[in-house]
2 protein chains.
Amino acid sequence: MSKTYDVIIVGAGPAGLAAAIYAGRARLDTLILEKALPGGQILLTDWIENYPGFAEGVGTFSLMDAFRAQAERFGAKIEMDEIGDLRHGEGPLWMIVGREKTYQARTVIIATGSAHRHLEVPGEAELTGRGVSFCATCDGAFFRDKIVSVVGGGNWALTEALFLTKFARQVKLIHRRQGLRAEKILQERVWEHEKIELVLDTVVDTINGQDKLESLSLRNVKTEETWDEPMDGLFVSIGMIPNTGFLGSVLELNEWGEIMVKKKMATSQLGIYAAGDVTDACSNQVAIAAGAGVEAALAVDDYINNLD
Amino acid sequence: MSKTYDVIIVGAGPAGLAAAIYAGRARLDTLILEKALPGGQILLTDWIENYPGFAEGVGTFSLMDAFRAQAERFGAKIEMDEIGDLRHGEGPLWMIVGREKTYQARTVIIATGSAHRHLEVPGEAELTGRGVSFCATCDGAFFRDKIVSVVGGGNWALTEALFLTKFARQVKLIHRRQGLRAEKILQERVWEHEKIELVLDTVVDTINGQDKLESLSLRNVKTEETWDEPMDGLFVSIGMIPNTGFLGSVLELNEWGEIMVKKKMATSQLGIYAAGDVTDACSNQVAIAAGAGVEAALAVDDYINNLD
């Protein structure tokens, strides 16, 4: 633990890399720690049409590779490590304990994102990006006039189902119970919508398909009846898990485990900022995460100028 | 005034066009009103290096043309008109009175941006983008080892001057009075900084240069002494003017005339949202404005779904 960075950014998704671009340009000594590969959750889908600046859309790998190259161009370094702990260091410094090393910095930007909760059934991993999606806003338009399913019973699942009616010919909402958890007004809309069919008391046992999704093996949990349902798209909407496990009780989180941020992406701890889907201020969109990353980096630069 | 739009976006800069991309994809009937050409303030500079996704930078015209094409691809229409008034229409509708026509919409996103206050001296308009800039974050890196000036005496001017010391060989801070308005701590840093020279009681009379900035004609307002000062870059930091003149007293503004936004870019009026530099939540950066535009469009879609 020889070196003290100006800022350590945890997570190399859109928020973290956008923050690094600005931190680098502000001449801050910047390290990004990423546990896997740079790019984040967006790489779960192949193509993005709604990141502003690419009229015809852009491959997600190519987009995130550009974010990375841009951050490195302005001096940010990326190291692969998984964070186990974040704690106070000497004076105003922060200490980050990774699997590989322990790091020290004047400020930290947490941009670890969130993970979609998975069904964890056979076929899900293999067909993700090939008919199985976790985001209707991202991928809905690919299913014009197709038949799609949404799995889930909460607000998010019903919102996804309603959104998908703009594109799909039919939307089946599959939920493991009889009752939905979503707000009544959403439920009314779903019940009344001619394109939406509810498939209740039902779970997905297997997701079938070779190169792309072909059908779902479903099971009614009350009758134990099973059947195969041909399907073009499956949207899994059973919740998000913000990646805040490593934080312990250092920062204030909301009831869903998201980091609560104030204006300028400040957290409850001086010197610690957060941006992107790990916070309570984001909506799973690359443009919003990138903007928040930029805000966090500008705030870090201000904070450091006031320390000096 | 035959037609009712789902959303009218006022202003076709980064915030407005990003909002339009998302509004279009949400299948909202979307109109953008722009008084001049799409693109916004960013077109004052030729090249942008800090918009995430373009590792080597991108021409601002090409970037904003992509924003525009992307918005149009998803169904947004752009019309040229200048807004004179925004007022309540029938029921929950809003009426926008333009020079050309009167428009009606269920929701409005105000993304009219802000304008840098100009010196309004000879040479300023001609040499903008050719040595004269309004944004050190945007253009500072082009002046590595050069001599630059900042005009202004407020927080923003001193912050710009301090930022420019990362690149420039020397920074002259020109201010028309003896006393600076900026916070004491910023003043202390500026006074102590070896690269910064203060040129007080002094105004810029003329900005000189053929294809690029060459020198400034300066005048001491106390002694009336005049002289020419060779110069590579000039940053004008005498304030921003949010473009909210047409709003009258419809929305709550802060003391600088910026629209005050809450979470999700809501304003003090139901159905009216705002995004980008016209609000109190932005920092003159394309990525932040674009993210805010996306947030506003998602909020509009939610609001309209709840109206139905």
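Residues numbered from 1 in each chain as written. Chains lettered and ligands numbered in written order. Predicted model: local features only at pLDDT ≥ 70, side-chain atom pairs only at ≥ 80, totals over all residues. Heavy atoms only, no water.

Q: It is not clear to me how the interface of chain B and chain A should be interpreted in this structure. Could you clarify?
A: Accessible area lost upon the coming together of the parts serves often as the stated size of an interface. With 47 residues of chain B at the contact, the number on the chain A side is 47 residues. Here chain B and chain A share eight salt bridges between them. Note that A:Asp280 and B:Lys263 form a salt bridge whose closest N and O atoms lie 3.6 Å from each other. Summed over the shared surface of chain B and chain A, the result is 31 residue pairs in polar contact (both at pLDDT 80 or more). For the side of chain B that touches chain A, the secondary structure elements donating two or more residues are helix H1 (14-25), helix H2 (60-73), helix H4 (136-139), helix H6 (184-192) and helix H7 (286-307) of chain B. In terms of residue class, the side of chain B that touches chain A is built from 24 nonpolar, 10 polar and 13 charged. (Contact = heavy atoms within 4.5 Å. Salt bridge = Lys/Arg side-chain N within 4 Å of Asp/Glu carboxyl O. Polar contact = N/O pair within 3.5 Å; in protein donor to acceptor, adjacent residues only side chain to side chain. Helix = DSSP H or I, 4+ residues; strand = E, 2+ residues; numbered from the N terminus. Nonpolar A, V, L, I, M, F, W, Y, C, P; charged D, E, K, R; others polar.)

Q: In this structure, what is going on with the pattern of salt bridges? I would like to understand it.
A: Pairing between side chains becomes possible if they bear opposite charge and their charged atoms approach one another. By the definition in use, this model includes 34 salt bridges over all chains. Linking B:Asp301 and A:Lys166 is a salt bridge whose minimum nitrogen-to-oxygen distance equals 3.6 Å. On the criterion of chain membership, the pair formed by B:Asp301 in helix H7 and A:Lys166 in the loop between helix H5 (155-164) and strand E12 (170-174) is interchain, its members lying in two chains. Ionic pairing is found between B:Asp65 and B:Arg68, a salt bridge with its closest N-O pair at 3.0 Å. Within this pair, B:Asp65 and its partner B:Arg68 are both found in helix H2, separated by three residues, close to a single helical turn. Among the residues examined, B:Arg68 registers a relative accessible area of 22% and is labelled partly exposed. Each of A:Lys3, A:Asp29 and A:Lys77 takes part in one network of salt bridges that share partners. (Buried < 20%, exposed > 50% of the residue type's maximum accessible area, 1.4 Å probe, protein only.)

Q: So what exactly am I meant to see when it comes to the packing of aromatic side chains here?
A: By convention here, two paired aromatic rings are described through the distance between centres and the angle between planes. This model, assessed by the stated rule, comprises 12 aromatic pairs over all chains. Taking the centre distance of 5.5 Å and the plane angle of 75 degrees together, the rings of A:Phe143 and A:Phe235 count as edge-to-face. Here the residue A:Phe143 occupies a position in the loop between helix H4 (136-139) and strand E11 (147-151), and A:Phe235 occupies one in strand E17 (residues 233-236), the gap between them amounting to 92 residues. With respect to burial, A:Phe143 and A:Phe235 carry one shared label: buried. Three or more aromatic residues joined by ring pairs form one cluster here, namely A:Tyr51, A:Phe54, A:Phe67, B:Tyr51, B:Phe54 and B:Phe67. Positioned above the aromatic ring of A:Phe74 is the side chain of A:Arg25, whose terminal nitrogen or guanidinium carbon lies 4.9 Å from the ring centre. (Phe/Tyr/Trp six-rings, centres within 6.5 Å; stacked < 30°, edge-to-face > 60°. Lys NZ or Arg CZ within 6 Å of the ring centre and 35° of its normal.)

Q: Sorry, what's going on with the relation of the copies chain B and chain A here?
A: Turning one copy of the chain about an axis and sliding it along that axis gives the other copy, so a rotation and a shift relate them. Once chain B is rotated about the relating axis by 180 degrees and shifted along it by 0.0 Å, it coincides with chain A to within an RMSD of 0.1 Å. Look at the turn and shift together and you get a two-fold axis relating the two. Taking C-alpha positions as the reference, the residue of chain B nearest the rotation axis is B:Gly291, at 2.5 Å. Comparing interface residues between copies, 100% of those in chain B also sit at the interface in chain A, which points to an isologous, same-surface contact. (Least-squares fit on C-alpha atoms with pLDDT ≥ 70 in both.)

Q: Explanation requested: the pairing of strand E13 (residues 196-199) of chain B in the structure shown.
A: Look at any regular strand and the pattern is simple: side chains alternate between the two faces of the sheet. All names here are of chain B. Summarising the sheet, strand E12 (residues 170-174) and E13 pair through four bridges and their orientation is parallel. Note that in E13 the partner of lysine 172 across the bridge is glutamate 197. Taken together, E12, H6 and E13 form a β-α-β motif whose crossover is right-handed. (Pairing = 2+ DSSP bridges. Right-handed = clockwise from strand over helix to strand, strands pointing away.)

Q: Help me understand the side chain of A:Asp301, please; the structure alone is not making it clear to me.
A: Take A:Asp301: its relative accessible area is 11%, and that puts it in the buried class. In this structure A:Asp301 touches A:Ala26, A:Leu28 and B:Lys166, once residues within four positions along its chain are discounted.

Q: Explain the state of the cysteines to me, please; I cannot follow it from the model alone.
A: When the sulfur atoms of two cysteines share a covalent bond, that bond is a disulfide. Residues and elements named next belong to chain A. Across all of its chains, the model carries two disulfides over all chains by this definition. Paired through a disulfide, cysteine 135 and cysteine 138 show a sulfur-sulfur distance of 2.1 Å. Between cysteine 135 and cysteine 138, the S-S dihedral sits near 80 degrees, and the bridge is therefore right-handed. Residue cysteine 135 is classed as buried on the basis of its relative accessible area of 8%. A residue is classified by how much of its surface remains accessible, and cysteine 138, at 16% relative accessible area, is buried. (Disulfide = S-S within 2.5 Å.)

Q: Please clarify how the side chain of A:Glu124 should be interpreted in this entry.
A: Positionally, A:Glu124 belongs in helix H3 (residues 124-127). Among the polar contacts made by the side chain of A:Glu124, one reaches the main-chain amide nitrogen of A:Leu119 at a distance of 2.7 Å.

Q: Mind showing me how you'd approach empty space enclosed by the protein here?
A: Gaps left between atoms are located by rolling a probe of water-molecule size over the structure's atoms. Residue and element names in this part refer to chain B. Taken as a whole and judged by the stated rule, the model has one cavity of 30 Å³ or more. The computed volume of the largest cavity comes to approximately 50 Å³. Along the walls of the largest cavity sit Ile42, Thr45, Trp47, Ile48, Glu49, Asn50, Cys138, Asn284, Gln285 and Val286, which together make up its complete lining. Of the residues belonging to the lining of the largest cavity, the class tally is five nonpolar, four polar and one charged. (1 Å grid on protein atoms, 1.4 Å probe; cavity = no way out; pocket = protein on both sides within 12 Å on 5 of 7 lines; lining within 4 Å. Points joined across faces, edges and corners; volume = space filled by probe spheres on them.)

Q: Explain the layout of surface pockets to me, please; I cannot follow it from the model alone.
A: Residues and elements named next belong to chain B. Taken as a whole, the second largest pocket spans an internal volume of roughly 990 Å³. Broken down by secondary-structure element, the contributors of at least two residues to the lining of the second largest pocket are H1, strand E2 (30-34), H2, strand E9 (114-116), strand E10 (132-133), H4 and H7. The biggest single contributor to the lining of the second largest pocket is H2, with four residues. Residue composition of the lining of the second largest pocket, by class: 24 nonpolar, 17 polar and eight charged.

Q: Teacher, can you tell me more about the pairing of E12(B) here?
A: Counting buried positions along E12(B) gives four out of five residues, so the element sits mostly inside the fold. Crossover handedness for the path strand E11 (residues 147-151) of chain B to helix H5 (residues 155-164) of chain B to E12(B): right-handed.

Q: Looking at this model, I keep getting lost on the sheet that holds E11(A). Mind explaining?
A: Within a sheet, each strand pairs with its neighbour through backbone hydrogen bonds, oriented either parallel or antiparallel. All names here are of chain A. Here we have five strands laid out as an open sheet, ordered E10-E17-E11-E12-E13, and parallel in their pairing. At either margin of the open sheet sits one strand with a lone partner, and together these are strand E10 (132-133) and strand E13 (196-199). The strands that H5 touches are E11, E12, E13 and E17; relative to E11, the one it contacts most, it runs at about 170 degrees. (Axes fitted to C-alpha atoms, helices over the stretch in contact; angles between N-to-C directions.)

Q: How do you make sense of the confidence of the model for chain A when you look at a structure like this?
A: Do not read the predicted coordinates in detail wherever pLDDT is low. The share of residues in chain A with pLDDT of 70 or more is 99%, and the mean pLDDT across the chain is 93. We note a pTM of 0.82 for the whole complex and an ipTM of 0.81 for its interfaces. (pLDDT = per-residue confidence, 0-100.)

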